[in-house]
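# Commentary on secondary and tertiary structure
Chain by chain, the residues run as shown.
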Amino acid sequence: MANVLIVGDGAIGLLFSHFLSAQHDITLLTRKPTLTTRFYQASNGKSHPIKARLINHKELGHSTPFDLVLITVKAFQVQAAFKQIKPYLNENCQVVISHNGMGNVDELNAQLLNTQGLAFLTTRLAGFKTTPYSVNHTGNGESVLGACNAAASERLNELKQQFSYLPHFSVSDDIHSLRWQKLLVNIAINPLTAIHNVKNGQLRAPQFSTRIINLLSEACLVANKQGVDVKLSEALDQAYSVMTATAENFSSMQQDISHNRESEIDAICGYVCEQGAKLGIKTPYNQAMLSMIKIKS
Ligand code: KPL
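Residues numbered from 1 in each chain as written. Predicted model: local features only at pLDDT ≥ 70, side-chain atom pairs only at ≥ 80, totals over all residues. Heavy atoms only, no water.

### Focus on the layout of surface pockets
Note the cut-off: Grid points spaced at 1 Å over the protein atoms alone were grouped into cavities, where a 1.4 Å probe fits but cannot get out, and pockets, open sets with protein on both sides within 12 Å along at least five of seven lines, with lining residues defined by an atom within 4 Å of a point. Grid points are joined across faces, edges and corners, and a volume is the space filled by probe spheres set on the points. We count a stretch as a helix when DSSP gives it H or I for four or more residues in a row; a strand needs E for two or more, and each element gets its number in order from the N terminus. Ten residue types, Ala, Val, Leu, Ile, Met, Phe, Trp, Tyr, Cys and Pro, are classed as nonpolar, four, Asp, Glu, Lys and Arg, as charged, and the remainder, Gly among them, as polar.
The calculated volume of the second largest pocket comes to roughly 490 Å³. For the second largest pocket, the lining is made up of 23 residues, of which M102, G103, N104, E107 and Y271 are closest to its centre. Elements with a minimum of two residues in the lining of the second largest pocket: α3 (105-111), α6 (175-196) and α10 (269-279). Partitioned by chemical class, the residues of the lining of the second largest pocket number nine nonpolar, seven polar and seven charged.

### Quick word on the site of the ligand
How we decide: Whether a residue is near a molecule or strand depends on its heavy atoms: it is near if one of them lies within 4 Å of it. Residues adjacent in sequence count toward polar contacts only when both atoms are side-chain atoms; beyond that, a polar contact is any pair of N or O atoms within 3.5 Å, and within protein one must be able to donate a hydrogen and the other to accept it. Areas reported as accessible are Shrake-Rupley estimates using a 1.4 Å probe. Residue values count occlusion only from the protein chains shown.
The immediate surroundings of the ligand are formed by N100, K182, V185, N186, I189, N190, N200, V242, S251 and S252. A distance of 2.5 Å separates an oxygen atom of the ligand from a polar side-chain atom of N190. Here an oxygen atom of the ligand sits 2.5 Å away from a polar atom, N or O, in the side chain of S252. Protein contacts shield 82% of the accessible area of the ligand, which totals 290 Å² for the unbound molecule. For the shell around the ligand, a count of residues per class yields three nonpolar, six polar and one charged.

### Observations regarding the UniProt feature "domain: Ketopantoate reductase N-terminal" (unreviewed entry) in the protein chain
Convention followed: UniProt positions are given in the numbering used here, feature names are shortened, and annotations may be inferred rather than shown by experiment.
Mapped onto this numbering, the UniProt entry gives "domain: Ketopantoate reductase N-terminal" (unreviewed entry) at residues 4-148. Helix and strand shares over residues 4-148 are 17% and 43% respectively, and the end C-alpha atoms of the span are 19 Å apart.

### Notes on the state of the cysteines
Keep this limit in mind: Cysteine sulfur atoms are paired as a disulfide whenever they come within 2.5 Å of each other. Only protein chains enter the accessibility calculation, which uses a 1.4 Å probe. A residue is then buried if its area is under 20% of the maximum for its type, exposed if over 50%, and partly exposed in between.
Under the definition given, this model contains zero disulfides. Here C148 stays free of any disulfide, with the sulfur of C93 as its closest cysteine sulfur at 14 Å. Looking at C148, the relative accessible area reads 17%, which means it is buried.

What follows is the structure in structure tokens.
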């Protein structure tokens, strides 16, 4: 049993807290002033209290140093969250990040001791908040964890055990490629659903196909130049199957923009533009999405 800190009580933070609490001591760090019990509701409608100790940043100092920290906040919130928790990690702590989009790995590695691990967890576990304090669990997609530094690679088996209560969980020795695969899906779906205010399934209409092909062509060129083996045809297949599987859902970016929240566009199209500029690849379609979403948020 590990002493686990989960940072962020969004839908994914609550789902991870629920599953990992079957095996570990969970402390859940929230920015909300209310520290009462959070709830997990299964798809069959049964609701259970989540076995976690709720704290806010003022109580961090009263905790025993954590063995495992799972950061579930959005890409642009990770650095600030890490700064808050850094003093409370034990010297062999494993830090795991899980968010849409790329980035954060180099910045975190530069701040960790070489005995502290860094790993990334991609997940297709799905849920939504029915109240600020409860999550409804809607889907059990795969979750895959991979090491992002040597200390995590060396202890990948231990991490595998620690996350074994997550549904459909596995580990990978090439998490960078898996992150790219998820990124390509996000590039095809998230900005267009936010700009046109449509559900994921509506993007299958022919009017969107040229833009989706152009966005993914640019991104695949960047990925290939980085040494990641992805093909445009596979990226398109994957994006259209996610549109079908989640046809009735609004993407996270559509929800962020329609609720006037900051979006993850910098970690999605922004990452492709930034890498494209470094690698000498033009990315006008991703740049257009980046600019349009920035204007809206
Ligand atoms: O990850 C997603 C999101 O909404 O952020 C999906 C559903 C896969 C769409 O890109």
